[in-house]
Amino acid sequence: MRKNSLWLPLAGFLVYVFLYAPLLIVVAFSFNDSRLNSQWVGFTLEWYRVLLHHEAMLQAAGNSLLIALVASAVSTVLGTMAGFAMYRFRLRVLPLLVLAPIAIPEILTGVSLLLFFVLLGMTLGMVSIILSHIAFCLGFVAIVVRSRLAGMDESLTEAARDLGATPWCAFRRVTLPLIMPGVVAGALMAFTLSIDDFVITFFTAGVGASTLPLQIYTMVKTSVTPEVNAISSLLMLLTLVLILVASKLSPSALRSGA
Amino acid sequence: MALLEIRGVSRRFGDFLAVDDVSLSIEAGEFFCLLGPSGCGKTTLLRMVAGFDAPDGGAILLDGRDVAGIPPEKRDVHTVFQSYALFPHMTVAQNIAFPLTMAGVGAEASRRRVEEALDGVSLGGMSGRYPSELSGGQRQRVAVARALVDRPKLLLLDEPLAALDAKLKERMQLELITLQKEVGITFVYVTHDQQEALALSHRIAVMNRGRVEQMDEPSRLYGSPRNRFVADFIGTCNLLEGEVAAHSRDALELRLDGIGTVRSSPVEGQVERLVPGVRGVLALRPEKVAISREAPLPGHNRTTGKVFDFLYLGDVTIYVVELDSGVRVEAMLPNSAPGRAKFFEAGDSVHVGWLPEAGVFLTD
Amino acid sequence: MSAAWRASLQRFLITGPPLVYLLLFFGIPTLIMVLASLRLPGEFGGLAPLWETGPSGTELNLSLESYGRFFSDSLYAWLFFKSFLYALVTAVACLLLAYPLALLIARSPGKRRDLLVLLVILPFWSNFLIRVYAWMIILGPESVLTRTLNALLAGLGIAPVELLFTPFAVLVGLVYVHLPFMVLPLFANLEKHDPALLDAAQDLGAGAWSRFWRVTFPLSLPGVYAGTALVFIPAFGIFAIPDLLGGTQGIMIGNVIKQQFLDTRDWPFGSVLSMVLTVGALALAGLAALFGRRTRV
């Protein structure tokens, strides 16, 4: 019988502290009655109130939401198709195109899309952001869907065909319901990735449109103000809700995607 | 006309010839077994009949009609999968109703037939359960009920009992036999378990390396294996190396290595081929070998040796006898005599004997 | 309609749309970048025309000039090397922090294990900039950490130090942001280890130390390689972290790429730097895959 040594839980606990302390500090300072992020002065909701009247921030939040909704919807459809195709057929090009944007540093996708849109003569803005977000979210959805399919008993689809279902019917009645948790988890993941994306948006946004991360970047870069703490805390709350929904649906899909 | 006819079917995966020019014909109402070790091509053959795979050569005829190009859903054939492939998101009733729904059977009629099917496999009252809430045996029954509910012409079963424990397996075998008699549907059953094949089927095709080695009734397959592979694969068999000493229409004399000259049954129609000097093996079932302290009755082939080891199996005991030449022979003796659980000890000197008609001489 | 024809139609309909989308919005942009790296910068930034009509007729305006510039100026090689070092230190630090955590999670009972994994993923899903921003607060000149540290240093007679806008801050940010990428593959590997192996090792006389170094660690190497690749590659090309935490000393190659595209507007040279980064990243990914394959158990 091995003794459970204490150092492993201790080391693990310290790493969790390292992971969470910074985020908790941001949340704490969002309620701090001081313009400086250095010392606890007193409780206030002032920064959340300021946020409600911050026109540029609200505009950016609206943009982010719209972009994330459209990008996650389209990338879920295309990503599910790609995941299914990669699982079912022996393909060479598609898996490469699906995995490459995930594998290489984001900045490369960002600058190449910038070149592409400018050379096409497109005005950078909402449309270019959405098109770019779809391109990188698609792969994540595809991976989640494919891993869900790979975990499925292949003979289920065959059984459906064997019992009289056409290929389409077998997909709709058997395959799709079974991979649905994966599809939904993929959609939530795409939504979160899109609403959080900074690097690719940074290059494809131009001056036409701003998103929440871009807005936060500008604020952080110029002068740190407590409104950033407030919007950060709200965003964390939003992702927390999304992640909990997703983990209820498909814990394994989340794990494979991250 | 045969219900299912397989004519010279081959299937190749890259360099690997999974099914090699197989021809079979299966009659309506038959319980037919495809038996062979894993990788022998039996499952590939089954999948081609179901329509999940297409032959590279040859033809598959169902009811006299070539089924090439007909997708699985259009074939009047259903499969019971090894994993059962019960849809996990549907209840037992929804699973069984699936083929009826696909065929456009109305809700009321469908409900009635599902109930009948459930009663038929004694699962009445389970209709609302999900597959994950069933035991292994129950899942197996649902899979069979689902595949039989719309009365296909042919039912394919791919090792359906492989996942069950020994006791349950035996009970399900009896159930399958009864069920097949009741519904009268042709069963094609794939298994690697020779006992299961012998117990279940009317006829068995023994496959090896993509080819059919022998196709026969269970008793003939066991009693007169056509070659070394079949003799060895079905049951246990002593394979005694040797050569033909003399061969005529009435008698075959063999010279076995380490044993000497013995008499055997002549091989019908092979007198010209099995001339003196041709080598082969004498296949001799352990239960046909007698061992005794006294010399065996006249008419037996005889030799002597020492008991090397024995395996006590309850109903029978298997003795391994080492002959004076070092060749080992297995003999199986029933323990039916009261109080006589064991006849011999290791090291005992014994006489070994068998009747000339007990063995078969095989050259392949 | 034959079955084969129907099957290929089906395949085309499923594979086609995502394939076309990715070709259009990933494949072609990448090719454009390859091409752009061979072109000349335009007079007012961007790219010079691809075709130029001169006295000798129309000619294709391609050159290796930007590559020449890259290889002749050691500043850029140095930047790549520096980025490489940052990424390497990040990967090693992540490994040291992640291993005990992954081991702890892998050896926890089922329900708690799922919770612990979720706790690793959660911060990863909060906005990237927020996670970097949090360190701007913690390492800021007026923060509790900086003041405490400087008070301690003063006690030892050492001059006060800055934490923010230093290479140290960049490394802390890199480690913080990439840590989950190391924990998850390590955990996925360690989780699969058969506990009986450790019992067997102990039974055969191995102490805790040898059990770890002779059984657990060698078996976890595929996870180590996967995690290292997952941390190293994105860390190599990152630009937001040095941009926010690094100040002028903490610049990495990503910052220069951004600068070439958005500020200097020398697109060909920016493309050259991107190409070198791409090749580097792919080579490392390939290397990781190779190692991972060789040690597969």
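This structure is a prediction, so every number in the text was calculated from the model and none was measured. (Residues numbered from 1 in each chain as written. Chains lettered and ligands numbered in written order. Predicted model: local features only at pLDDT ≥ 70, side-chain atom pairs only at ≥ 80, totals over all residues. Heavy atoms only, no water.)

J.: Teacher, can you tell me more about the sheet that holds strand β17 (residues 316–323) of chain B here?
T.: Neighbouring strands of a sheet are bound in pairs by backbone hydrogen bonds; such pairs are parallel or else antiparallel. All names here are of chain B. Strand order across the open sheet formed by five strands is β15-β19-β16-β17-β18, with antiparallel pairing between neighbours. The open sheet has two free edges, formed respectively by β15 (290–292) and β18 (328–334), since each of these has just one partner strand. Mean inter-strand twist for the sheet, computed between neighbouring axes without regard to direction, equals 45°. Bridge analysis of β15 against strand β19 (residues 349–354) gives three bridges, and the strand direction is antiparallel. Counted as the bridge partner of Ile291 is Val352 from β19. (Pairing = 2+ DSSP bridges. Helix = DSSP H or I, 4+ residues; strand = E, 2+ residues; numbered from the N terminus. Axes fitted to C-alpha atoms, helices over the stretch in contact; angles between N-to-C directions.)

J.: Please explain the pairing of strand β1 (residues 4–13) of chain B as it appears in this structure.
T.: Regular strands place their side chains on alternate faces of the sheet. All names here are of chain B. Bridge count between β1 and strand β2 (residues 16–26): seven bridges; the pairing is antiparallel. Residue pairing in the sheet places Arg11 in a bridge with Val19 of β2. Hairpin connection of β1 to β2: two residues between the antiparallel strands, including Gly14 at a positive phi of 65°. When β1 meets strand β4 (residues 57–62), the two strands line up antiparallel, connected through five bridges. Note that in β4 the partner of Glu5 across the bridge is Leu61.

J.: Would you take a moment to explain the interface of chain B and chain A for this structure?
T.: Listed by partner, the interface residues are 23 residues for chain B and 18 residues for chain A. Of the roughly 1,700 Å² buried at the junction of chain B and chain A (both faces included), carbon and sulfur atoms supply 65%. Remark: the boundary between chain B and chain A carries two salt bridges. Among the salt bridges present, the one from A:Arg161 reaches B:Glu73, with a minimum N-O distance of 2.7 Å. Seen at the junction of chain B and chain A, the total is seven residue pairs in polar contact (both at pLDDT 80 or more). Of all elements in the fold, only α1 (42–50), β6 (77–80), α2 (92–102) and α4 (136–148) of chain B reach the threshold of two or more residues within the side of chain B that touches chain A. Ranked by the residues each element gives to the side of chain B that touches chain A, the list is headed by α2(B), at four residues. (Contact = heavy atoms within 4.5 Å. Buried area = accessible area lost by both parts, 1.4 Å probe. Salt bridge = Lys/Arg side-chain N within 4 Å of Asp/Glu carboxyl O. Polar contact = N/O pair within 3.5 Å; in protein donor to acceptor, adjacent residues only side chain to side chain.)

J.: Would you explain the sheet that holds strand β13 (residues 260–264) of chain B in this entry?
T.: Residue and element names in this part refer to chain B. As summarised here, the arrangement of the five strands in space is β13-β12-β11-β14-β20, forming an open sheet in which the pairing is antiparallel. Whereas interior strands pair on both sides, the edge strands pair on one side only; in this sheet they are β13 and β20 (360–362). When the angles between neighbouring strand axes are averaged without regard to direction, this sheet yields 45°.

J.: Please clarify how the interface of chain C and chain A should be interpreted in this entry.
T.: Many structure descriptions define interface size as the accessible area lost when the parts assemble. Contacts between the two partners involve 81 residues from chain C, matched on the other side by 84 residues from chain A. The contact between chain C and chain A buries some 7,400 Å² in all, and 81% of this surface belongs to carbon and sulfur atoms. Note that C:Asp243 and A:Lys221 form a salt bridge whose closest N and O atoms lie 3.5 Å from each other. For the pair chain C and chain A, the number of links is nine residue pairs in polar contact (both at pLDDT 80 or more). The element contributing the most residues to the side of chain C that touches chain A is helix α1 (residues 3–36) of chain C, with 21 residues.

J.: Help me understand the environment of A:Cys169, please; the structure alone is not making it clear to me.
T.: Mapped onto the elements of the fold, A:Cys169 is located in helix α8 (residues 167–196). A C-alpha to C-alpha distance of 9.9 Å links A:Cys169 and A:Thr157, two positions 12 residues apart in sequence. Once residues lying within four places of it in the same chain are set aside, the contact partners of A:Cys169 are A:Val174 and B:Met102.

J.: Sorry if this is basic, but what is going on with the confidence of the model for chain C here?
T.: All names here are of chain C. Taken residue by residue, chain C gives an average pLDDT of 82. The fraction at 70 or more is 90%. By mean pLDDT, strand β1 (residues 51–54) is the weakest element of chain C at 62, and helix α3 (residues 74–106) is the strongest at 89. Confidence metrics for the complex model read pTM 0.77 and ipTM 0.85. (pLDDT = per-residue confidence, 0-100.)

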